[in-house]
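Okay, here's what each chain looks like letter by letter:
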Amino acid sequence: MVRVLVVEDEEGIREVLRQYLTAEGHTVLEAPDGTSGLALIRLGNPEFVILDLMLPGIDGFTLCGELRRLRPEVPVIMLTARDHETDKIAGLRLGADDYVTKPFSPRELMARIAAVARRSRRPAATVGDDAKRPAAAESPPADGLWVDLADRRAFYFGQELSLTRSELALISTLGARAMRTYTRPELLERLRGDDAEVTERAVDVHIANLRKKLDEAAAAAGFGAGNPIETVWGLGYRWREEVASRVRASG
Ligand code: CA
């Protein structure tokens, strides 16, 4: 059960979503336009966002970018009336976790929400452990990658990375085993679980976003080394051996 923010200008769709989400035990916040959507992102403390692409005022793409900037940890599913791959790619660049194309089946959307929420949930054993963990174990090293999956935090050369759920899943997979090549289908599996809907192209887009964030963090820390994620042509991706990487599964 989560606090779901629905940003959608069509009242009929909001109504249907409200009924289905409430029936599943979720709390629903509603915004009929981008401006009130942004206000609720800032003040409503949503734990999940369903975001329409075409909105009056601030559009869905812009709002998704703002959401990623303000609350990178909140999963978002975009609703779109268009079914063009370019829109999907553009949305993924902004960090949407999944897509549903209108007209959609509410039942299918509920299944997608459950799948995204499942992927993004903290391991049950670590919830509430933050206060107990000693502060000394928290300090990230000055070199390479450091990921704490329990805290869902990642650092690169001491700089904290602001990652989406999907990016965190990818970087922790690659970083945990340097020089192990992961194929696109393998990485897709880490992202999507049983959802067969999303294409392998999504993996490439998430990797491109990750590389950009890693380069920016390295530059901010004064390191000019090449990107640690290598493309293995025709296969997939791997983490370069010479860049240190540590992935902690739990505290
Ligand atoms: Ca709309």
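To keep things clear, this report deals only with the structure shown in the data block. No experiment lies behind these values; they were computed from the predicted model shown. Within each chain, residue numbers correspond to sequence positions counted from 1 in written order. Where local features are concerned, this predicted model is filtered to residues with pLDDT of at least 70; where side-chain atom pairs are given and counted, the filter is 80 or more; whole-chain, interface and lining totals use all residues. With hydrogens and water stripped out, all remaining heavy atoms of the structure feed into the side-chain values.

1. Some details on the pattern of salt bridges
- One speaks of a salt bridge when a side-chain nitrogen belonging to Lys or Arg is within 4 Å of a carboxyl oxygen belonging to Asp or Glu. On inspection of all chains with the given rule, the structure shows 16 salt bridges.
- In this structure, R14 engages E30 in a salt bridge whose closest nitrogen and oxygen atoms are separated by 3.3 Å. In this pair, R14 is assigned in helix α1 (residues 11-23) and E30 in strand β2 (residues 27-31), connecting sequence segments 16 residues apart.
- The buried label applies to any residue whose accessible area, calculated with a 1.4 Å probe on protein chains only, is under 20% of its type's maximum; exposed applies above 50%, and partly exposed to all values in between. Judged by its relative accessible area of 13%, R14 falls in the buried class. The way it works is that DSSP assigns letters per residue, a run of H or I at least four long becomes a helix, a run of E at least two long becomes a strand, and they are numbered from the N terminus.

2. A word on the coordination of the calcium ion
- Protein-derived ligands of the calcium ion are D9 (OD), D52 (OD) and M54 (O), with the metal-ligand distances lying across 2.1 to 2.3 Å.
- Donor atoms (N, O, S) are those found within 2.8 Å of the metal centre, with the cutoff raised to 3.2 Å for Na, K and Ca; water is not part of the atom list, so apparent gaps in a site can occur. Ordering the donors of the calcium ion by residue number gives the pattern D-x42-D-x1-M. A residue pair is termed long-range when its members are at least 10 positions apart, and D9 in the loop between β1 (3-7) and α1 and D52 in strand β3 (residues 48-52) qualify at 43 residues.
- Overall, the relative accessible area of 3% leaves D52 in the buried class.

3. Looking at the sheet that holds β3
- Being paired, for any two strands, means DSSP has found at least two bridges between them. The 5 strands lie next to each other as β2-β1-β3-β4-β5, forming an open sheet whose pairing is parallel. Strands at the two margins of the open sheet, each flanked by one partner only, are β2 and β5 (98-101). Within this sheet the neighbouring strands show an average axis-to-axis angle of 20°, counted without direction.
- Running over the sheet, helix α2 (residues 34-43) touches β1 and β2 and is turned about 140° from β2.
- Where helix α3 (residues 60-70) meets the sheet, its contacts fall on β1, β3 and β4 (76-80), and the angle it forms with β4 comes to roughly 175°. Geometry is summarised by axes, namely lines fitted to C-alpha atoms with helices restricted to the contacting stretch, and by angles between N-to-C directions that run from 0 to 180 degrees. The contact criterion used is simple: two residues touch if any of their non-hydrogen atoms lie within 4.5 Å.

4. Remarks on the nonpolar core
- Within this scheme, the nonpolar core is defined by two criteria: the residues are buried Ala, Val, Leu, Ile, Met, Phe, Trp, Tyr or Cys, and they are joined through side-chain atoms within 4.5 Å. Grouped together as the largest cluster of nonpolar side chains are 25 residues, with contacts concentrated most on Y156, L161, I171, L174, I229 and W239.
- Setting aside residues no more than four positions away along its own chain, Y156 makes contact with G144, L145, L161, L214, A217, A218, P228, W239 and V243.
- Ranked by size, the runner-up nonpolar core spans 18 residues in total, among them L5, L29, I41 and Y99.

5. Points about unusual backbone geometry
- Residue K102 is joined to P103 through a cis peptide bond whose omega torsion reads -5°.
- Position of P103 among the secondary structure elements: in the loop between β5 and α5 (106-120).
- Unlike most non-glycine residues, R152 shows phi in positive territory, near 55°.
- Locating R152 in the fold gives a position in the loop between β6 (145-148) and β7 (153-156).
- Phi angles above zero are rare outside glycine, and F157 is one such case at about 50°.
- Considering the arrangement of structural elements, one finds F157 in the loop between β7 and β8 (159-161).
- Classification of F157 by relative accessible area gives buried; the value is 12%.

6. Brief notes about helix α7 (residues 184-192)
- Among the residues making up α7, those that are buried are R184, L187, L188, L191 and R192. Looking straight down α7, one finds its buried side chains confined to an arc of 120°; they lie on one side. The arc in question is the one spanned by the directions pointing from the helix axis to the C-beta atoms.

7. Details of the packing of aromatic side chains
- Pairing of aromatic rings covers Phe, Tyr and Trp, the last counted by its six-membered ring, and requires centre-to-centre distances within 6.5 Å; plane angles under 30 degrees mean stacked, over 60 mean edge-to-face, and any other angle means tilted. Applying the stated criterion to the full structure yields 3 aromatic pairs.
- An aromatic cluster is built from Y156, F157 and W239, whose rings are joined through pairwise contacts.
- Lying over the aromatic face of Y182, R180 brings its terminal NZ or CZ to 4.1 Å of the ring centre. Geometrically, a lysine NZ or arginine CZ counts as sitting over a ring once it is within 6 Å of the ring centre and also within 35 degrees of the ring normal.

8. Here we look at the environment of L51
- By the element assignment, L51 lies in strand β3.
- On a C-alpha basis, the gap between L51 and L79 in space is 5.9 Å, while along the polypeptide they are 28 residues apart.
- Residues in contact with L51, not counting those within four places in the same chain, are V7, G60, L63, C64, V76, I77, M78 and L79.

9. A short note on the pairing of β6
- Of the two faces of β6, the one carrying L145 and V147 and the one carrying W146 and D148 are both buried.
- Direction of pairing for β6 relative to β7: antiparallel, over a ladder of 4 bridges. Paired with V147 across the two strands is A154, which belongs to β7.
- The hairpin turn running from β6 into β7, its antiparallel successor, is 4 residues long, and R152 in that turn takes a positive phi close to 55°.
- By the bridge criterion, 4 bridges tie β6 to strand β12 (residues 245-248) in an arrangement that is parallel. Across the sheet, the residue bridging to L145 is S245, located in β12.

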